[in-house]
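Residue strings, one per chain:
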Amino acid sequence: MRGKILNYYAGGNTAKGFYNLYDSALEDLDKLFILKGGPGTGKSTLMKTIGELIVNKGIDIEFLHCSSDTNSVDGLIIPKFQIGIVDGTAPHVIKPKAPGVIEEYVNLGVAWDSKKLSVHKEAILSLNAEISKKFQTAYNTFAASLRAHDEIEEIYISNMDFLEANKLTDELIALFYGNDNNTEKDSKVKHRFLGAATPSGAVDYIQNLTEEIEKRYFIKGRAGSGKSTMLKKIAAAGEERGFDVEIYHCGFDPNSLDMVIIPEKGIAIFDSTAPHEYFPDRENDEIIDMYERCITPGTDEKYATEIERTTNSYKDKMKEAISYLAEAKVLRDELEAIYISAMDFSKVEKIQSELIEEIESMINN
């Protein structure tokens, strides 16, 4: 029987630049292999190959996906054995806690022919500079989109019944936790992204992440209707009571939350509005409508013109930012092609085999 694969992001292209949650994703590991090497050196393929091997042994794994290439992964975690492999190249540079004890560097750069690469020195430098510019332009454009989004929020915030929002939040906290405390242990809190802005547009893994969750709450509402604030309070209440909490940040604005999972309670509650809009399809699924409960009736109609204008501005800037990520991806593919042409992949396969042997040894012992 195959193990299960959990998919999420630990880093994202956001309105705050590249935002890194790798420290949280990797903090419990006893062994972390940090891969070094340029683009096209086979880091993602190596992790995917090892991941498939492990999952086919009936062991659960986690894939940390790459927000700049939907076909790539940036990390692999084997939770049961506290083993991980991660791409340690920019922008997700990993700070080691105990090099040689926990972290071990694996250099795939030994498989390239430096002489072949040197012929392309100017092209490599030029492509790297252009890629950096494209990403920075994308981040600046996401920031402009966020400013437009904030304007939409202001309309709804000014028509918000905060007492009712607090009451709803208190009701949910009481429903989720009751008088339960899990004080025999400390709460473990994980910070992740459920989705990301990618060159292909918005991608999310909500369905995968909640697949085993018994009770799912779909939050409906508008920008500024208090969804993220409510999620933060629910997460904090779980942590205070000693329950493990998975906190999923917004891939657009990492200061906001999109989902909270309380595994021991079998509960997931998430922002189910665009770009990750879902509707109940299981018997236990339930909708929480923040607009209906907390916003002045008729707000949509009263401010229709302003909402349409700012929404269009927000969406236009989002599309523009995504286009810069797509342009960066094209340039990145060109850069990868140069490195691939200079690689001896038989050496990478040897490194992969040695890694598999070492990981299997740790699992068997």
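The rules behind the values
- Residues numbered from 1 in each chain as written.
- Predicted model: local features only at pLDDT ≥ 70, side-chain atom pairs only at ≥ 80, totals over all residues.
- Heavy atoms only, no water.
- Axes fitted to C-alpha atoms, helices over the stretch in contact; angles between N-to-C directions.
- Helix = DSSP H or I, 4+ residues; strand = E, 2+ residues; numbered from the N terminus.
- Parallel < 35°, antiparallel > 145°, perpendicular 65-115°, else oblique.
- Left-handed = near helix turned anticlockwise from the far one by under 90°.
- Nonpolar A, V, L, I, M, F, W, Y, C, P; charged D, E, K, R; others polar.
- Core = buried A, V, L, I, M, F, W, Y, C linked by side-chain atoms within 4.5 Å.
- Buried < 20%, exposed > 50% of the residue type's maximum accessible area, 1.4 Å probe, protein only.
- Contact = heavy atoms within 4.5 Å.
- Expected span 1.5 Å × (residues − 1).
- Phe/Tyr/Trp six-rings, centres within 6.5 Å; stacked < 30°, edge-to-face > 60°.
- Polar contact = N/O pair within 3.5 Å; in protein donor to acceptor, adjacent residues only side chain to side chain.

If you check an unreviewed UniProt entry, the protein chain appears there as ATPase from Gottfriedia luciferensis.

Asks: Sorry if this is basic, but what is going on with the packing of helix 4 (residues 121–157) against helix 10 (residues 304–341) here?
Replies: Interaxial distance between helix 4 and helix 10 falls to 8 Å at its minimum, and their mutual angle equals 165 degrees. As the angle between them shows, helix 4 and helix 10 are arranged roughly antiparallel. In terms of crossing hand, the pair formed by helix 4 and helix 10 is left-handed. Looking at the contact of helix 4 with helix 10 residue by residue, the classes come out as 24 nonpolar, eight polar and ten charged.

Asks: Can you walk me through the nonpolar core in this structure?
Replies: Soluble globular proteins tend to bury their nonpolar side chains together. Counting residues in each nonpolar core, the largest one holds 59 residues, and the members touching the most others are F142, F176, I234 and I269. Once residues lying within four places of it in the same chain are set aside, the contact partners of I269 are L172, F176, Y217, I219, M230, L231, I234, D258, M259, V260 and I288. Core analysis: the second largest hydrophobic core is formed by 27 residues, Y22, L26, L194 and Y248 among them.

Asks: I tried to follow helix 7 (residues 227–240) on my own but got confused; where do I start?
Replies: Two residues of an α-helix separated by three or four positions point the same way, owing to the 3.6 residues in each turn. Compared with the 20 Å implied by 1.5 Å per residue over 14 residues, the 20 Å span of helix 7 between its first and last C-alpha is a close match. Every buried residue of helix 7 is listed here: K227, S228, M230, L231, I234, A235, A237 and G238. Looking at the packing, one finds that the buried side of helix 7 touches helix 5 (162–177), strand 12 (215–220), strand 13 (245–249), strand 14 (257–262), strand 15 (267–271) and helix 8 (290–294). Once helix 7 ends, the next one or two residues include G242, with phi positive near 90 degrees.

Asks: How should the packing of aromatic side chains be read in this particular structure?
Replies: Summed over all chains, the structure comprises eleven aromatic pairs. With centroids separated by 5.5 Å and ring planes inclined at 55 degrees, the aromatic side chains of W112 and Y339 adopt a geometry described as tilted. You can see W112 sitting in the loop between strand 8 (103–107) and helix 3 (114–118) and its partner Y339 sitting in helix 10, a full 227 residues away along the chain. Of the residues examined, W112 reaches a relative accessible area of 27% and is grouped as partly exposed.

Asks: Please clarify how the side chain of N208 should be interpreted in this entry.
Replies: Position of N208 relative to the elements: it lies in helix 6 (residues 206–209). A residue is classified by how much of its surface remains accessible, and N208, at 19% relative accessible area, is buried. Among the polar contacts made by the side chain of N208, one reaches the main-chain carbonyl oxygen of I5 at a distance of 3.0 Å. Dropping the residues within four chain positions of it, N208 is found in contact with I5, L6 and N7.

Asks: Before we go on, may I ask you to explain the side chain of K31 in this structure?
Replies: Counting through the fold element by element, K31 comes out in strand 4 (residues 31–36). If we ignore the near neighbours within four places in the chain, the residues touching K31 are Q82, I83, G84, G100, V101, I102, E104, E358 and M362.

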